[in-house]
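Residue-level structure breakdown
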Amino acid sequence: MQRLIFLLILTLILIKPTANAIFLSKVGVSALPIAYIMVAVLALIFTLFYNTYITKISPLRIFYRSMQICILLLIGIGFILWIEGYDIIGAYLFYLFISIFGILSASQFWILANQIFDAREARKYFGIIGFGAIAGGITGGYLASFISSLLQSEVIPFVAALILVLVLRYINKFSIPSKEKGAVPVAQSIASNFNEPIKLILESKHLFNIALVIAVSVFTSKLIDFQFGYFASLAYPIEEDLTVFYGFMYSTFNLAAITIQVLFTTRVIGRLGIGYSLLLLPAFLVLNAGFLIVIPGIIFATGLKLADASMKQSINKASVELIMLPVPKDIKLRTKTFLDVFIDSIATGISGIVLLLVLQAFDLANWLISALILCSSLVWFLLANRIRKEYKKVFRKSLKIKSDLAAIKVKNIEESYMKILIEGSDTQILKALNILIENPMHGLENTYLDLLKNDNPKIVTLAINLITYAKSDYSKIIVPYLDYNNQNVRIAAFEYIINHQLSLDPNFLIDKINDADSEVSIIALAAYAKEFKNDPRTLNILRVEDRLIEMVAKLEKDENVNKSVWIGILKAIGYGKFSSLYRIINKYLKSEDLEMRSHAIMSAGETQSFIYLKVLFSMMDEESVESAILSSLAKFTVKRLNSMIEKYDDSSGLYIQRNISKVFELKPNQDSIAALQLLMEAEDLEVRNNAIMSLRILYDNYPLLQIDNPLINRILIEESKYTNKILTVLSYYGNNIQDDNKGSQNEKHPLILLLKQKIDTNLRVIFELLHIKYPPENYIELYDYVKGADTELRNNAIEYVDNSLTYDLKSAIVPLLDYISTSDNIPNVENDLKTRQKIKAFLMQNKDEEIRAMALDFYGKK
């Protein structure tokens, strides 16, 4: 590909200065606007036919045929230029040919490149390929100057035809995957094939913006060409001198371009991203046009052309080709040539008309043309900025990223919650209700009442709890829920009635407490214990504890008591913190019945007793009741949990630290955020990773909580650099380790497999941190795409991440993404692990316990 573009641009730059010099010498600079208009008309006709055949014939075959036609045309033009009396016609034909050839050859080449390379490959290789284009430009310009100094300029078309014969040989070496070879099934008429790309461009905001940028950039470039040609023809009136000047300057422009390409293009696009790179050329042109207005002359005209020609073939060219990557390949095939040829030529024609008007009305007022260049460069800058903003959205759209609770971020929060509560899934509704419990909001009472009809008892319980905050009294609606078939719903209903009993019979609740049915009585007592758990005086007046003691004494004599009654008793003991009955909790903490044991655990948490906190910590490794233990521990304050963790300094303490994050995850408050952020800086890697994951989940569900962004950024960079060092170790060993015990290369050595596993784990953690840092972007879904089997989705996801990150993060994270996207081919990574000794020290002193143990074993054997 690099050699092919080298030959194409060599041909272009060989004949372009020659065609320009012959045209300016034989016809004159005043005819340039007419030539621009003729180019536009010719391009229109060409595009009509080209779009017809591109749908029927392989683009590779069209490329080959068009180069054959170009060879014949060059030979024909060469002969015409030698015929006396036809030299002016030959000058026009030569100029028109070079204008169409320049955009046609480039367009066909980049169509081929876009079909051969995917998004990630294109980002890596387009810079290298572009180097070939610029090298061809340098060679072509100096070759044109050399031939013109020895022979007449009319010989050059024949030399160009010979070079294109080599181009044909290179085209024959390429093949496109079968799925790309077939014609795209579209209408067959010329008119329909012309209308289709217009329709596709108008339907896509991204393509429409690209078309506008191409049009304005070409318009600006043509005005710059005119200014450069005008001042050059004044300085060099003789044809051969003008050809030598043009050839020398075009080579110099390309030399500047190759310097930018080699030294700056990859760095600039890598650091600024594709979007901001598009802004550089128009910004430079605005500056240069200003100088030309103030000080007109060949020096500043050359400076303007230098900025345009050098940057257009380096940073700007790579950026423009890269912004086409999100466009689906079939659409790209049908619109690329239309954009490159037709839009380019229409802009050329418009520039010709504008220049004619300037020549006729203002008698070649050069200051006005310079002012037009300044204005069009400003418009170009604004349009490029629009594309910069749109580029990420196009990748996002292609990935179909969705967000569960994005509605929280919109302006009318009340309507957003209402929509979730009415249309959302049970999971979404529960998330929203839990947020509203922490941050009550008026105006949603009718929605809560509708949720009372929901089949999920958890939703009904939360809805009753939220109705408690309403100003109106809904006691008559809630009373039927005292007989609901779920104990938590019934307790919530009793709590509501306790707070709104004025509208009911004064003896209503007393009758419930004294009810002969133990199930009804215990639910009423549990409700009172919960409602007045922070008011011992009221509990004493109501004799809740005494009633419970009497009930327990009675029930302990009866072996046929319903299990739900004992569950109610456990809840009442926990809510009221009745220490005289803790023996009941202790009894069921040892029960073999998992349901009763789980309720005893929950009751222990409700007491918030220091004694039970130690018991619950000791039970954290019991998987059968893990959910109940985590929920129970979440009843304690963050301060008390932290103070208890500090008392453990053995292996059990490490186990608690590794799992306590799940507890904080259940406590949606700022103290939990602070505790998790503290754990994120722990030495143990598993503690850190679990804290990061829990923080992401907590922040996802409760986005109003405040996160320490500088801390997130610092840990993100630390994790990325650490993972890059693991990647360096893999690179050093080349995925193989010489196992001395086996005496052979072992591709599946345990250390290598462990390091690969750690990279995968750490990459997940990095995406968790990115998800926290950049709300409401769904980086967890992006991670799934990055790790998925769909190559196109994976590459688009990586490209999206690449364009979202700041430079410091990009330089650390992108090598990891490249490792994922290139089937485990390890990229070069910049860090301080330069020698075997440093790599050994990194592994032996690693903060990861498993890596340390494996390294000790590995180096010990050696």
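Calculation notes
- Residues numbered from 1 in each chain as written.
- Predicted model: local features only at pLDDT ≥ 70, side-chain atom pairs only at ≥ 80, totals over all residues.
- Heavy atoms only, no water.
- Helix = DSSP H or I, 4+ residues; strand = E, 2+ residues; numbered from the N terminus.
- Buried < 20%, exposed > 50% of the residue type's maximum accessible area, 1.4 Å probe, protein only.
- Salt bridge = Lys/Arg side-chain N within 4 Å of Asp/Glu carboxyl O.
- 1 Å grid on protein atoms, 1.4 Å probe; cavity = no way out; pocket = protein on both sides within 12 Å on 5 of 7 lines; lining within 4 Å.
- Points joined across faces, edges and corners; volume = space filled by probe spheres on them.
- Nonpolar A, V, L, I, M, F, W, Y, C, P; charged D, E, K, R; others polar.
- Axes fitted to C-alpha atoms, helices over the stretch in contact; angles between N-to-C directions.
- Left-handed = near helix turned anticlockwise from the far one by under 90°.
- Contact = heavy atoms within 4.5 Å.
- Phe/Tyr/Trp six-rings, centres within 6.5 Å; stacked < 30°, edge-to-face > 60°.
- Lys NZ or Arg CZ within 6 Å of the ring centre and 35° of its normal.
- Expected span 1.5 Å × (residues − 1).
- pLDDT = per-residue confidence, 0-100.
- Parallel < 35°, antiparallel > 145°, perpendicular 65-115°, else oblique.
- Core = buried A, V, L, I, M, F, W, Y, C linked by side-chain atoms within 4.5 Å.

**Thoughts on the overall build of the chain**
- The helix and strand tally for the chain stands at 41 helices and 2 strands.
- Every one of the 862 residues in the chain was classed for burial, and the buried ones make up 55%.

**Things to note about the pattern of salt bridges**
- What the rule picks out here adds up to 23 salt bridges.
- Taking the shortest distance from any N to any O, the salt bridge between K563 and D593 comes out at 3.0 Å. Of this pair, K563 sits in helix α25 (residues 563-576) while D593 sits in the loop between α26 (582-589) and α27 (594-607), placing them 30 residues apart in sequence.
- We classify K563 as partly exposed; its relative accessible area is 34%.
- Classification of D593 as partly exposed rests on a relative accessible area of 30%.
- Salt-bridge contacts for E719 lead to R688; the nearest nitrogen and oxygen are separated by 3.0 Å. Of this pair, E719 sits in helix α35 (residues 709-733) while R688 sits in helix α34 (residues 685-701), and the two are 31 residues apart along the sequence. This pair shows no difference in class: E719 is buried, exactly as R688 is.

**Topic: the layout of surface pockets**
- If you add up the space inside the largest pocket, you get close to 2,200 Å³.
- Lining the largest pocket are 48 residues, with N434, L462, M602, S631 and K635 positioned closest to its centre.
- Elements that contribute at least two residues to the lining of the largest pocket include exactly α16 (426-438), α18 (457-467), α20 (487-499), α22 (518-531), α25, α27, α29 (626-633) and α34.
- The class makeup of the residues in the lining of the largest pocket is 18 nonpolar, 18 polar and 12 charged.

**Section: the packing of helix α28 (residues 610-618) against α29**
- Between α28 and α29, whose axes approach to 10 Å, the crossing angle comes to 145°. The chirality of how α28 crosses α29 is left-handed. The segment α28 lies against α29, with L613, L616 and F617 engaging I629, S632 and L633.
- Within the contact of α28 with α29, the residues separate by chemical class into 5 nonpolar, 1 polar and no charged.

**Focus: unusual backbone geometry**
- Although it is not a glycine, R543 sits at a positive phi angle of roughly 55°.
- In this fold, R543 is placed in the loop between α23 (536-542) and α24 (544-555).
- One non-glycine residue, Q608, lies in the positive phi region at around 55°.
- When you line up the elements, Q608 lands in the loop between α27 and α28.
- Taking relative accessible area as the criterion, Q608 reaches 31% and is therefore assigned partly exposed.

**A word on the side chain of S694**
- Summarising the element assignment, S694 is placed in helix α34.
- Owing to a relative accessible area of 3%, S694 belongs among the buried residues under this scheme.

**Focus: the environment of P703**
- You can see P703 is positioned in the loop between α34 and α35.
- Take P703: its relative accessible area is 13%, and that puts it in the buried class.
- When the C-alpha positions of P703 and I435 are compared, they lie 9.3 Å apart, and in sequence the two are 268 residues distant.

**Some words on the packing of aromatic side chains**
- One pass over the structure, following the stated rule, counts 12 aromatic pairs.
- Note on F858 and Y859: the rings are 4.9 Å apart at their centroids and 65° apart in plane angle, and the pair reads as edge-to-face.
- Three or more aromatic residues link up through ring pairs in this structure, and these residues are F23, Y92 and Y95.
- Over the ring of W566 we find K587, and its NZ or CZ is 5.8 Å from the ring centre.
- The ring of Y722 has K847 sitting right over it, with the charged end atom 4.2 Å from the ring centre.

**A closer look at α25**
- Taking 1.5 Å of rise per residue, the 14 residues of α25 would be expected to cover 20 Å, and the 20 Å separating its terminal C-alpha atoms lies within 8% of that figure.
- After α25 finishes, the residue K577 shows a positive phi value of roughly 55°.

**Regarding the confidence of the model for the chain**
- Residue-level pLDDT values for the chain average 78, and 83% of them are 70 or greater.
- Element-level mean pLDDT values for the chain span from 42 in helix α7 (residues 178-181) up to 92 in helix α32 (residues 661-664).
- Contacts for the low-pLDDT stretch residues 178-192, under 50 throughout, to residues beyond four places or in other chains number 22 contacts.

**Regarding the packing of α25 against α27**
- Where α25 contacts α27, the two axes come as close as 7 Å, and the packing angle between them is 15°. With respect to each other, α25 and α27 are oriented roughly parallel. Crossing hand, α25 versus α27: right-handed. Here K563, W566, I567, L570, K571, I573, G574 and Y575 of α25 lie close against α27, whose contacting residues are E595, M596, H599, A600, S603, E606 and T607.
- Here the contact of α25 with α27 is composed, by residue class, of 7 nonpolar, 4 polar and 4 charged.

**Regarding the nonpolar core**
- With 156 residues, the main nonpolar core has I464, F617 and L843 as its most contacted residues.
- Of all the elements, helix α36 (residues 750-773) adds the most residues to this core, at 12 residues.
- Aside from chain neighbours lying at most four places away, what touches F617 is L633, L641, M644, I645, Y648, I656 and I660.

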